[in-house]
Each structure stands twice: as C-alpha cells, then as structure tokens.
Amino acid sequence: MGVGVYLMIFVVSLAIAWFTILFSAHKGFFLDDHDSSKPQRFHHATTPRAGGLAIFLASLAVVWLIPWGWAFMLASSLAFASGIIEDFKGTLTPKVRLFIQLSAALAGVWLVDALILDIGIDWILPWGLGLVFTLFAVVGAINSINIIDGFNGLASGVAMMVLFSLALAAHSVGDGEILCLSLSVLAATLGFFVLNFPKGKIFLGDGGAYFLGFVIVEIAIMLSQKHEEISPWFVLGVMIYPVYEVLFSVYRRRLVRGLSALHPDGIHLHSLLFKRKVKSNPKTSILVWMLTAPFIFLPLGYKGNEKWLILTILLFVVGYNWLYHALVNFKVRQKRRAKKRA
C-alpha cells in the first residue's frame, strides 16, 4: 500500500478532529469540563472529548483496503460505541458497557477469527476455554488504553508505538493485510494526535480509547495465532505497560484499598510521575513514552523466543513496581530529610 493512502487517512482524521473541536464548541456536545470531580483531571479548560470519532471514521478506509476490512470495522464499532455513547451522554452503566465490549470480542471471534487457542510454551487451549480466555483478554485490552489516558498524547502515543511495533512484526512475516490495518489506524491516530499533543485541543475520550484498545488486541491475536514465528508472549510484551497498569490498578483498588475494581482514582503511575516529579502535562507523557518504548520495540528482536520475552515482561513488572513505590514514598522521604535538617 502506497504512502499516499496513509497520508490521506491522516489528513481525513485531522480534518474531522478539527471540525469536532469547532462543532463541540458551538453546540456544546462531547465537552469535558475542567472543573468536574473526576480524579484524573489535569486540564484547565473545557475540552471536547470526541477525538475517537476522528480516529474511527478515518479508519473506515480499511473497508476498501482489506478484504475483511468491513468485518473488522463492524466488530470494532461495538467497542467504539461502548465509549462514544459515554462521551456523548455519560449514561452507560458499567454492566451495559461490559456487555457491549463482550459483544465486540465475540464479533471479533466470529467475523475475523480472532480467537486465542495457542498461549505459548506448547499450551493449546480447547475451543471453549480459548473463547473464555479471548473474551477476558479482549475486554481487558479494550480498557487498558483508557486507563492510561491521563495526559495529552499519553494513550495515543503509546497506542501508536504499539501499532508500529505490530506493523513491523506483520511485515517481518509477510502479512500485508495486517500491516495495512496497523498502519491505517496508526495514521488515523496521528491525525488526532497533532491536535491533542502538546496543547490538548481535543481529548481521545472513551470512544477513542476503547477503539484503539480493541484494534490493538485484535491485531495482536491474529498475528500470534496465524504465524508461528510470533509468540503469544510477544503480544503481551509489546502491550505490557497498559495491560499491567490495569492489573496493578485492580490489585491496588480491590486488595489494598478495599474498593471496587472499577472505582476510578488519580494514583496511576503517570499521575504520580506528574504530581511527584514532572509537574508538566506534556512532559509527563514524554517521560512515560521514554520509559515504555524499549519494552514495546525490543521484543521485535526476539518475537519467537519465549524465554527472552518472558524475561522482558518480568523486567518491566519489577521496574514498574520499584518506580511506583518510590513515587508513593517520595513525600515520606522528603519529610524525613526535612526533619533531619531541622
């Protein structure tokens, strides 16, 4: 596929994002108030949160570029709907949202055969167990991009890096269709990104985050299940940051604090980096990109070597936990040093 096609997708996304900004300001739709009580609130002006609309509509180009593009976009539209409805009205309950996302995962299995049976280390799941595992993995991944969407460009920047890594993996095994899909969605995301970073003229919103999470996990599943050269552990490796953020957040909320796993809070890793160290919205995103980029791209060098992939994943987990606890205890150490000086 020529570069001109992806350039056109980028331009379409950029134009839709810009129109959405103007339309939202004029009609008052999709606006995210800066003074709302949401815990992850770091902007100072009312901002449209429908950036996902530009990404999704521009990505519809794959319907004409890939034979099964229509099926893929039909499945992904459910994931997108579970967020854009929330962005527009804010009325979806967690149960309804979960039902729609499960429907998206089932549509992915039915329409594009995105079913996890091979989980690596010579383990092949029976069909029924594979279906359950797939639904769990897809819903988790859909929400993983949303959970890291805290600063300008953070989630979309990470998503673009992951999409580029998956595109390179697809190219290495000669899968032109998945390569085209990855680059098309990447180009659509970039169109939104230039208006989101660094100034935050428009936000990704739940629709955009859920759509990107779904696209990434479906591409990852298809790559790892169709090509023996790509281990399922490679998939987890390139997605380890958002996936582990979800797992750690569930552990922290449910087991440590005794709250609902769905209870939102403002103490994610990126939030602590901002509060304790960086104090700048765009600089926080840049720092997180720098910290996570090696774990997204290094696995490309050993995408079939499960021992190295597992080691990379463990290294990330250890590093994440160390950094998180260091940030949590940052003020405690400051107070101790202040007492000693006094």
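Our structure is the block above this text.
The rules behind these values
Residues numbered from 1 in each chain as written. Predicted model: local features only at pLDDT ≥ 70, side-chain atom pairs only at ≥ 80, totals over all residues. Heavy atoms only, no water. Salt bridge = Lys/Arg side-chain N within 4 Å of Asp/Glu carboxyl O. Helix = DSSP H or I, 4+ residues; strand = E, 2+ residues; numbered from the N terminus. Buried < 20%, exposed > 50% of the residue type's maximum accessible area, 1.4 Å probe, protein only. Expected span 1.5 Å × (residues − 1). Axes fitted to C-alpha atoms, helices over the stretch in contact; angles between N-to-C directions. Parallel < 35°, antiparallel > 145°, perpendicular 65-115°, else oblique. Left-handed = near helix turned anticlockwise from the far one by under 90°. Contact = heavy atoms within 4.5 Å. Nonpolar A, V, L, I, M, F, W, Y, C, P; charged D, E, K, R; others polar. Phe/Tyr/Trp six-rings, centres within 6.5 Å; stacked < 30°, edge-to-face > 60°.

### Some details on the pattern of salt bridges
No. 1: Taken as a whole and assessed by the stated rule, the structure comprises three salt bridges.
No. 2: As a salt-bridge pair, Arg49 and Asp87 come within 2.8 Å of each other at their nearest N and O atoms. Linking Arg49 in the loop between strand 2 (47-48) and helix 2 (51-59) with Asp87 in helix 4 (residues 69-89), this pair joins segments that are 38 residues apart in sequence. Each of the two residues, Arg49 as well as Asp87, counts as buried.
No. 3: A salt bridge links Arg49 to Asp206, with the nearest nitrogen and oxygen atoms 3.3 Å apart. Here the residue Arg49 occupies a position in the loop between strand 2 and helix 2, and Asp206 occupies one in helix 9 (residues 205-226), the gap between them amounting to 157 residues. Of the two residues, Arg49 and Asp206, neither departs from the other in class, the shared state being buried.

### A few points about helix 7 (residues 154-172)
No. 1: Between the first and last C-alpha of helix 7 there are 27 Å, a value that for 19 residues agrees with the 27 Å anticipated at 1.5 Å per step.
No. 2: Of all the 19 residues making up helix 7, 15 are buried; the element is thus mostly covered by neighbouring parts of the structure.
No. 3: Gly174 sits one or two residues past helix 7 and shows a positive phi near 75°.

### Observations regarding the packing of helix 13 (residues 281-297) against helix 14 (residues 306-328)
No. 1: Contact geometry of helix 13 with helix 14 gives a least axis separation of 10 Å together with a crossing angle of 165°. On the basis of the axis angle, helix 13 is roughly antiparallel to helix 14. Pair helix 13 / helix 14 crosses with left-handed handedness. Packed against helix 13, whose contacting residues are Leu291, Thr292 and Phe295, the element helix 14 presents Thr312, Leu315, Phe316 and Leu323 at the interface.
No. 2: Across the contact of helix 13 with helix 14, the residue classes tally to five nonpolar, two polar and no charged.

### Quick word on the side chain of Ser285
No. 1: With respect to the element layout, Ser285 can be found in helix 13.
No. 2: Filtering out sequence-adjacent residues up to four positions away, Ser285 remains in contact with Phe151, Asn152, Gly153, Leu154 and Phe197.

### Section: helix 5 (residues 94-112)
No. 1: An ideal rise of 1.5 Å per residue puts 27 Å on 19 residues; helix 5 measures up with 26 Å between its terminal C-alpha atoms.
No. 2: Here helix 5 has its buried residues at Arg97, Ile100, Gln101, Ala104, Ala105, Ala107, Gly108, Val109 and Val112.
No. 3: Here the buried face of helix 5 lies against helix 4, helix 6 (127-147) and helix 9.
No. 4: Downstream of helix 5 by one or two residues, Asp113 has phi in the positive range, about 60°.

### A closer look at the packing of helix 7 against helix 8 (residues 176-196)
The angle between the axes and the distance between the axes are what describe a pair of packed helices.
No. 1: Two numbers describe how helix 7 lies on helix 8: the axes approach to 9 Å, and their chain directions differ by 160°. When the axis of helix 7 is compared with that of helix 8, the two are roughly antiparallel. The chirality of how helix 7 crosses helix 8 is left-handed. Residue-level inspection shows Ser156, Gly157, Met160, Leu163, Phe164, Leu166, Ala167, Ala170 and His171 of helix 7 in contact with helix 8, the latter providing Ile178, Leu179, Ser182, Leu183, Val185, Leu186, Thr189, Leu190, Phe192, Phe193 and Asn196.
No. 2: Across the contact of helix 7 with helix 8, the residue classes tally to 14 nonpolar, six polar and no charged.

### Some thoughts on the packing of aromatic side chains
Given two aromatic rings, their pairing is described by the distance between the two centres and the angle made by the two planes.
No. 1: With the rule as written, the count across this model stands at 22 aromatic pairs.
No. 2: Note on Phe151 and Phe274: the rings are 5.1 Å apart at their centroids and 35° apart in plane angle, and the pair reads as tilted. One end of the pair, Phe151, is in the loop between helix 6 and helix 7; the other, Phe274, is in helix 12 (residues 269-278), with 123 residues separating them in the sequence.
No. 3: Accessibility expressed as a relative area gives 3% for Phe151, which makes it buried.
No. 4: Overall, Phe274 belongs to the buried group, its relative accessible area being 17%.
No. 5: With a centroid separation of 5.0 Å and 55° between ring planes, the pair formed by Phe197 and Trp289 is classed as tilted. Separated by 92 residues along the polypeptide, Phe197 in the loop between helix 8 and helix 9 and Trp289 in helix 13 bring together distant segments of the chain. Grouping residues by exposure puts Phe197 and Trp289 together as buried.
No. 6: Linked through ring pairs, Tyr241, Tyr244, Phe248, Tyr251, Phe295, Phe316, Tyr320 and Tyr324 together constitute an aromatic cluster.

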